[in-house]
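# Examination of the molecular architecture
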Amino acid sequence: MSNQAVLEWMERVVKPEQIEKYLEQGKDFVDEELIRQSLNTAINPEKSLLRDIMSKSLDLQRLDPDETAALLNCTDEEIWEEMYQTGYQIKEKVYGRRIVTFAPLYVSNHCVNSCVYCGFRKDNTETMRKQLSLEELGKEVESLVQKGHKRLIMVYGEHPDSDVHYIADTLTKAYQTKVGHGEIRRVNVNAAPMSIEDLEILRDIGIGTFQVFQETYHHDTYRRLHPRGIKANYLWRLYALHRAMDAGVDDVGIGALFGLYDWKFEVMGLLLHTIDLEKRFNGVGPHTISFPRIEPALNTPFTRHSPYLVDDATFKKLVTVIRLSVPYTGMILTARERPEVRNEVIKTGCTQIDAGSNIGVGSYQEETMNYDRQQFILGDNRSLDEAIRDMAKMGFITSFCTADYRCGRTGECFMGIAKSGKIHNLCMPNAILTFKEYLLDYASEATKDAASYLINQELAALPNPAIQDKVKGMLVRIEAGERDLFL
Ligand code: SAM
Ligand code: SF4
């Protein structure tokens, strides 16, 4: 495609009327004055106040900005320990001892934007550009299915060659690819913001969650770090998920890239984003919240020199405050983090991880890392099997369940179940069933030895005896060769 054609395409992407309709008196919902005021007022919060806020979270109520600010400003390590415990309890109450697992699949790294922290930025001449053909994509998916994956997040740079039609074709191909018993049953997407019309195309194909991270909610910082390209438009990005909800894609994922600006500000931004989505879409906020930290990337010095890089101890704190602030929402802890950090932070209430990840475009089938095709460098290179074994040793059952999405339990329906803490009767049985499939079809002997106990343990812990009996019957059918059984 000629440079001129690319520029013309870029001119057409942003639809101003699909921003303006969401503004209130010309303003967006990231009220920087309110954030500053909340953070400045809640200095040195009393222990009793912090404990009251923790009880509210344990009751599965979303916190208000002042309450979140108080948690963020806590300086008492003893209270932080209580917050970590509370995060774990909330997660167990809503989601059980279950971790949903997926693989990232990078499909194209061509990009028209210039995000200073990203290895894929347009002006990074050291990155090798690659866009998968449908045939290559099929091979990538086969490699993942053969390892036992059932859920993907497909990731794309922003470019006319990987526009919504290419995304739609690649989603369809991923769903069609089968290997023996195995197949991908849910495909989430992380891609650039789109118009409502484009999102409707993805809705019709059966997209799972649509993720767009705001990166930083701080307007000035956003402007500096996204100097050119479509992504320079803060508001087009800020309302990407409002448009998705309006298009009927009702599982959406928000996120902030920690290390670009003050971490407390970003947690407040994520909360305000949640509140605005809930306000406009009948109480349905984000399906998931992501909190990636900046990782080193090829020829990208900013990733090492940003003044706002977040250390491991602070990272654990910010994840905990997100857990407490939005108790019923899924939280994704990615393989950007080293295994020891993940094993520690997951206990504060995360619900999803990626595992066995390789983010070089086309690299699963080649079984190499291809660092020159990566957006950044991963911290956790464990295989899926190893990660599952480690999770099992910590008492977590890995779930490959995709039933909610396939039974239409998305958006408002899913939130209703999550907020009332009633997930246990559906999601834990499905976790047990999909974990059984994994152990039979893909697990190493070491993982079978370390993890099989979880099936009986979680079966015995199911609160409803009728459901327990039903699951026992289904486990027998899985042993006999049936697959894809779910409630
Ligand atoms: N191009 C699309 C976009 O920007 O929305 C797709 C997303 S990008 C391929 C996935 C996410 O990776 C970004 O939203 C950003 O938060 C994160 N990311 C970018 N550079 C990173 C880095 N150096 N370290 C960690 N995460 C990074
Ligand atoms: Fe492109 Fe996304 Fe990377 Fe920005 S973060 S350069 S938009 S791939």
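Residues numbered from 1 in each chain as written. Chains lettered and ligands numbered in written order. Predicted model: local features only at pLDDT ≥ 70, side-chain atom pairs only at ≥ 80, totals over all residues. Heavy atoms only, no water.

## Comments concerning the site of ligand 1
As a reminder, the rule being used: Any residue with a heavy atom positioned within 4 Å of a molecule or strand is treated as near that molecule or strand. Contacts described as polar in this section are N or O atom pairs within 3.5 Å, which, within protein, must combine one atom able to donate a hydrogen with one able to accept it, while residues neighboring in sequence count only if both atoms come from side chains. For the area figures, the Shrake-Rupley method with a 1.4 Å probe applies, and any residue is considered shielded solely by the protein chains shown. Basically, the charged four are Asp, Glu, Lys and Arg, the nonpolar ten are Ala, Val, Leu, Ile, Met, Phe, Trp, Tyr, Cys and Pro, and anything else, Gly included, counts as polar.
Lining the immediate environment of ligand 1, one finds 20 residues, of which Tyr-117, Glu-215, Lys-231, Arg-237 and Glu-295 sit closest. One of the side-chain N or O atoms of Arg-336 is found 2.9 Å from a nitrogen atom in ligand 1. For ligand 1, whose accessible area on its own is 560 Å², the fraction buried by protein is 96%. Here the shell around ligand 1 is composed, by residue class, of 10 nonpolar, four polar and six charged.

## A short note on the site of ligand 2
Around ligand 2, the surrounding shell consists of Cys-111, Asn-113, Cys-115, Cys-118, Phe-120, Arg-121, Gly-157, Lys-231 and Gln-375. Tallied by class, the residues present in the shell around ligand 2 amount to four nonpolar, three polar and two charged.

## Focus on the nonpolar core
So the rule is basically this: We call a set of buried residues a nonpolar core when its members are Ala, Val, Leu, Ile, Met, Phe, Trp, Tyr or Cys and they connect through side-chain atoms within 4.5 Å of each other. Accessible area is worked out with a 1.4 Å probe on protein chains only. A residue is then buried under 20% of its type maximum, exposed over 50%, and partly exposed in between.
By size, the foremost hydrophobic cluster in this structure holds 134 residues, and its most contacted members are Met-154, Phe-210, Phe-291 and Leu-318. Core analysis: the next-biggest nonpolar cluster, separate from the first, contains 27 residues, Met-428, Ile-432, Leu-462 and Leu-485 among them.

## A few points about the packing of aromatic side chains
Rules: Each aromatic pair joins two rings of Phe, Tyr and Trp (for Trp, the six-membered one) with centres within 6.5 Å, and gets the label stacked for planes under 30 degrees apart, edge-to-face for over 60, and tilted for any other angle. Strands here are runs of E lasting at least two residues and helices are runs of H or I lasting at least four, both read from the DSSP assignment and numbered beginning at the N terminus. Charge over a ring is defined by NZ of Lys or CZ of Arg lying within 6 Å of the ring centre and within 35 degrees of the ring normal.
Applying the stated criterion across every chain, the model contains 12 aromatic pairs. Taking the centre distance of 5.3 Å and the plane angle of 15° together, the rings of Tyr-22 and Tyr-239 count as stacked. In this pair, Tyr-22 sits in the loop between α2 (17-20) and α3 (32-41) while Tyr-239 sits in the loop between α11 (234-238) and α12 (240-246), placing the two residues 217 residues apart along the sequence. Put simply, the rings of Tyr-22, Phe-29 and Tyr-239 pair up and form one aromatic cluster. Geometry around Phe-315 places Arg-293 over its ring, the cationic atom sitting 4.4 Å from the centre. When the ring centre of Tyr-84 is taken as reference, the NZ or CZ atom of Lys-316 above it lies at 4.0 Å.

## Describing the domain arrangement of the protein chain
In plain terms, the rule: These domain limits were set by an automatic method or by a database of domain assignments. Pairs of residues are marked as contacts when any of their non-hydrogen atoms sit within 4.5 Å. Summed over both partners, buried area is the accessible surface (1.4 Å probe) that two parts give up on being assembled.
Per the domain assignment, the segments making up the protein chain are domain 1 (3-24 + 96-408), domain 2 (32-90) and domain 3 (417-479). The C-alpha centroid of domain 2 is placed 27 Å from the C-alpha centroid of domain 1. At the junction of the two partners, domain 1 supplies 29 residues and domain 2 supplies 27 residues. Summing both partners gives a buried area of about 2400 Å² for domain 1 against domain 2, and 72% of it is carried by carbon and sulfur. By the criterion of area lost to domain 2, the three top residues of domain 1 are Met-268, Lys-317 and Leu-324, representing 27% of everything that side buries.

## With respect to the pairing of strand β2 (residues 151-156)
Threshold: Two strands form a pair only when DSSP identifies at least two bridges running between them. Handedness of a crossover is defined as follows: with both strands directed away from the viewer, a clockwise route from the first strand across the helix to the second makes it right-handed.
By the criterion of burial, β2 is predominantly enclosed, with six of the six residues buried. Because side chains alternate across β2, one face comprises the buried residues Arg-151, Ile-153 and Val-155, and the other comprises Leu-152, Met-154 and Tyr-156, equally buried. Bridging between strand β1 (residues 98-108) and β2 involves five bridges; their strand directions are parallel. The residue bridging Leu-105 from the neighbouring strand is Met-154, located in β2. Regarding the hand of the β-α-β motif, the stretch spanning β1, helix α7 (residues 134-147) and β2 is right-handed. Across five bridges, β2 lies against strand β5 (residues 186-190) in parallel orientation. Within the sheet, the bridge partner assigned to Met-154 lies in β5 and is Val-189.

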